[in-house]
Amino acid sequence: MSFVEYEELIKEGDTAIIFLGHGSMFPVQVQRGAQTQTKYGVIRHSAHLIGQPFGSRVTCSKGGWVYVLHPTPELWTLNLPHRTQILYSTDISIITMMLELKPGSIVCESGTGSGSLSHAIIRTVAPTGHLHTVEFHQQRAQKAEEEFREHRVDRWVTVRNQDVCKNGFGVSHVADAVFLDIPSPWEAIGHAKDALKVEGGRLCSFSPCIEQVQRTCQALAEHGFIEVTTLEILLREYSVRTANLPLPDLGGALDPLPVLGETQFKIGVPLKETVGHTGYLTFASKSLF
Amino acid sequence: MEGAKGEGPAGDGAMENSVEHPRQQDHLIRDGDFVVLKREDVFKAVQVQRRKKVTFEKQWFFLDNVIGHSYGTTFEVSSGGNLQPKKMMEEITSETKEAGIDNRNIVDDGKSQKLTQDDIKALKDKGIKGEEIVQQLIENSTTFRDKTEFAQDKYIKKKKKKYEAIITVVKPSTRILSIMYYAREPGKINYMRYDTLAQMLTLGNIHAGNKMIVMETCAGLVLGAVMERMGGFGSIIQMYPGGGPVRAATTCFGFPKSFFNSLYEFPLGKVNCLLNGTFSSKALPPESKDSISVEENNGTLLDDLQTSPKEMEESIVEVIENNHPQQETMEVISQEPEYKEHKERGNKKDYIQELQRKQEQQKKRQIEAATLLNERNADGLIIASRYHPTPLALSLLEFVAPSRPFVVYCHYKEPLVECYTKLRERGGVINLRLSETWLRNYQNYFQPGIHLLSSITTTFGEQGTGKY
């Protein structure tokens, strides 16, 4: 398994995603001799997982079954242990595209948080790029480093435990893109500018509150950033179901074949009435001059 | 390991249009580069060619002077159609920063500007720069001082837009090209908004090393986006309807030649025989009669053709996209310059030979593509076309390995509801999600929902056994 490259068969040490159905799933660390409890019974790693292809169905001890999936950053985002509020794939998608990330990109990020975005960035910039991620909370920085190692992506990421607002990203003039998800991003704009390449680069700042956005935009203008844009992306999920409507009885049929009873059709209904706000995304470009 | 950039897929960093170029020079504009011209929020994709007239935003000019400058440099059009680099100046603000509180005393009598049309024309003829003209307009406006700060900013912005012609040359990217296409020719990309494309690339886990199947009729924009995210690593099989794949937008990305070595194409018309084991390269598709005309189309300088785009909002209209020359908003140069040369030289025999060689090559590539598909182990599938998605999804999924994500885009929601239902019936897919994204641009407007269907493949169990 690799978060940056697909493999066919499950090996010891892999992270695999156990899918129970109806969007219910959880991650496991595959280990020889280990066992995992599910509501359908026990999964024995050596017998059921190791050597099996990802995507297989596994029958558990009680007779019920689950699927074992290859991890992806998107599945990881849905299943990772939260140490902080995380970014979900909807925001991650637009960030990735608007920062123009691709293989070979050098990216600086702060704060690392729970590593949701970090995994997505590493996946996109591999095998020739790199992520420099800064986290001021010592334990979170350590946990992130551990996870990157467990997921075998540590060669593409450097974790620094420091305060980005005071000490920057630890690199200068190397980044194609900088991402900020911190309470006071305006304090880090100067450091972001320094981390970005001389020839220019892209920046993104994520803030839940519009007041933070205003202060950040001001700081961006003061530091000579151009193409400043703020947007918000909202996700609405639909549930696909069958609906029935009764057909009215209009009396004596004009048709030779009277149509009565019910008619069935498929509908897509929103899962939730209101759509949640995550945060505002402010993008900008470092100007040459 | 810090900051290791490593080598690109070509191994020696060779780029398409020049001799070996060190990566540090990636940020400089070179002759032959595919670039995007930007003025405010308007974009146009062009190729840099010396002494070639380019029109953009009611102006015409030559791009010669941009060569050697960095991407991101701004230029102004000066006499003779030459571009001059221009440093980005600070925002023009009124000298005294004097502003009013509100507009209760401002009367709109059309007499507040003291400069006449002739005066302004005289300034322009004298060669006075745009920002000078704007400054003059401000000074000669009797009401400017009384406007509120917001109104002053709005006034300045409006005048700048009219009189200052600042053009920036930017490097093409998925971001820029998808925004450009959505603004200028949404019909060509099935009204796929750029945030939706962003979702597809991420939910589809598009990354270096994948073996991707792409089925799109978005002028090659989706293909280009996939190629950008794969960085030349891995392989792509593009499925196409009709005579050949359309890659007009793909060209705009300016990818190095090496990226195309692992790009294959396969006709939709042969999918069923591939699936039931009767594929043969000998039996050419009925569209082969069109293949010559398609080659000819690809071999023409498309910017010389003035046509109007066909409206694509009704997907019931059958449009064979590659037979419609591109609209003038994208200036695309032929990918096969040898054709034109032979034709121009009037050497018909050479031309026929060349054509035959190309067809042999095409046949060989098609067999390679069929082999790759037959392995049934693709890492992902993206569908974004004008066709009803259900038959495409049901057939193309056969080529995808288990535990891989796939994404289906459709301009309308209802076909996706049907596709979802049919996929559930088929089985072998889980975590089916029908979603819609809304984009809100600040200072602009709310852009309503665009739908997407995403899912993950599995190995097959009994048909329709509930887990989804």
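Keep in mind it's a predicted model, so treat the numbers as computed, not measured.

Scoring rules and cut-offs
- Residues numbered from 1 in each chain as written.
- Chains lettered and ligands numbered in written order.
- Predicted model: local features only at pLDDT ≥ 70, side-chain atom pairs only at ≥ 80, totals over all residues.
- Heavy atoms only, no water.
- Helix = DSSP H or I, 4+ residues; strand = E, 2+ residues; numbered from the N terminus.
- Buried < 20%, exposed > 50% of the residue type's maximum accessible area, 1.4 Å probe, protein only.
- Contact = heavy atoms within 4.5 Å.
- Areas by Shrake-Rupley, 256 points an atom, 1.4 Å probe, with all protein chains shown as cover.
- pLDDT = per-residue confidence, 0-100.
- Phe/Tyr/Trp six-rings, centres within 6.5 Å; stacked < 30°, edge-to-face > 60°.
- Lys NZ or Arg CZ within 6 Å of the ring centre and 35° of its normal.
- Axes fitted to C-alpha atoms, helices over the stretch in contact; angles between N-to-C directions.
- Parallel < 35°, antiparallel > 145°, perpendicular 65-115°, else oblique.
- Left-handed = near helix turned anticlockwise from the far one by under 90°.
- Nonpolar A, V, L, I, M, F, W, Y, C, P; charged D, E, K, R; others polar.
- Pairing = 2+ DSSP bridges.
- Salt bridge = Lys/Arg side-chain N within 4 Å of Asp/Glu carboxyl O.
- Domains from an automatic or database assignment.
- Buried area = accessible area lost by both parts, 1.4 Å probe.
- Polar contact = N/O pair within 3.5 Å; in protein donor to acceptor, adjacent residues only side chain to side chain.

### Describing the overall build of chain B
A count of helical and extended segments in chain B gives 13 helices and 14 strands. Per-residue burial over chain B gives 51% buried out of 468 residues. Considering only residue pairs separated by 6 or more positions, chain B has 68% of its internal contacts joining residues 24 or more positions apart. Carbon and sulfur atoms make up 50% of the accessible area of chain B, which totals about 22,300 Å².

### Notes on the confidence of the model for chain B
Mean pLDDT for chain B: 79, with 75% of residues reaching 70 or above. Between residues 286–340 of chain B, whose pLDDT stays under 50, and residues either more than four places distant or in other chains, the model counts 99 contacts.

### Quick notes on the packing of aromatic side chains
Evaluated as defined, the whole model comprises nine aromatic pairs over all chains. Consider the rings of F3(A) and W76(A), whose centres lie 6.0 Å apart with planes at 85°: the pair is edge-to-face. Here the residue F3(A) occupies a position in the segment before β1 (15–21), and W76(A) occupies one in helix α2 (residues 73–79), the gap between them amounting to 73 residues. You can call F3(A) buried: its relative accessible area is 2%. Plain terms: the ring middles of F253(B) and F255(B) are 5.0 Å apart, the flat faces sit at 10° to each other, and that makes the pair stacked. Within the aromatic cluster, the residues linked to one another by ring pairs are F253(B), F255(B) and F259(B). Cation over ring: R51(B) sits above F62(B), and NZ or CZ is 4.0 Å from the ring centre.

### Quick word on the packing of helix α12 (residues 389–396) of chain B against helix α13 (residues 414–426) of chain B
Residue and element names in this part refer to chain B. Two numbers describe how α12 lies on α13: the axes approach to 8 Å, and their chain directions differ by 30°. Comparing the axis directions of α12 and α13 gives the class roughly parallel. For the pair α12 and α13, the crossing hand works out as right-handed. Residues P389, T390, A393 and L394 of α12 touch α13, and the partners they reach there are P415, L416, E418, C419, K422, L423 and R426. Across the contact of α12 with α13, the residue classes break down as seven nonpolar, one polar and three charged.

### Concerning the sheet that holds strand β1 (residues 34–39) of chain B
Residue and element names in this part refer to chain B. The antiparallel open sheet is built from five strands, whose spatial order is β2-β1-β7-β5-β6. If you trace the sheet from one side to the other, it starts and ends with β2 (42–47) and β6 (82–85), each paired once. Adjacent strand axes in the sheet meet at a mean angle of 35° when their direction is disregarded. The strands that helix α4 (residues 174–184) touches are β1, β2 and β7 (166–170); relative to β2, the one it contacts most, it runs at about 115°.

### Concerning the pattern of salt bridges
Taken as a whole, this structure holds 26 salt bridges over all chains when the rule is applied. Between E12(A) and R32(A) there is a salt bridge, with its nearest N and O atoms 3.4 Å apart. One end of the pair, E12(A), is in the segment before β1; the other, R32(A), is in the loop between β2 (24–29) and β3 (35–38), with 20 residues separating them in the sequence. Look at E12(A) and you get partly exposed, because its relative accessible area is 39%. We note a salt bridge from R426(B) to E398(B), for which the minimum N-O separation is 3.0 Å. Placement of R426(B) in helix α13 and of E398(B) in the loop between α12 and β12 (405–409) is noted, with a sequence separation of 28 residues between them. Residues participating in the shared-partner salt-bridge network are E7(A), K11(A), D14(A) and R152(A).

### Quick notes on the domain arrangement of chain A
A common way to express how large an interface is: the accessible area buried when the components associate. Residue and element names in this part refer to chain A. Domain parsing of chain A yields domain 1 (9–71) and domain 2 (75–234 + 277–286). One C-alpha centre belongs to domain 1, the other to domain 2, and the line joining them spans 33 Å. Taken together, the contact pairs twelve residues of domain 1 with seven residues of domain 2. Of the roughly 700 Å² buried where domain 1 meets domain 2, counting both sides, 58% is carbon and sulfur surface. Across the domain 1-domain 2 interface, the total number found is one salt bridge. Viewed at the interface, domain 2 and domain 1 are joined by three residue pairs in polar contact (both at pLDDT 80 or more). For the side of domain 1 that touches domain 2, the secondary-structure elements that each account for two or more residues are β1 and β2. Sorting elements by how many residues they give to the side of domain 1 that touches domain 2 places β2 first, with four residues. Its residues assigned to classes, the side of domain 1 that touches domain 2 comprises five nonpolar, four polar and three charged.

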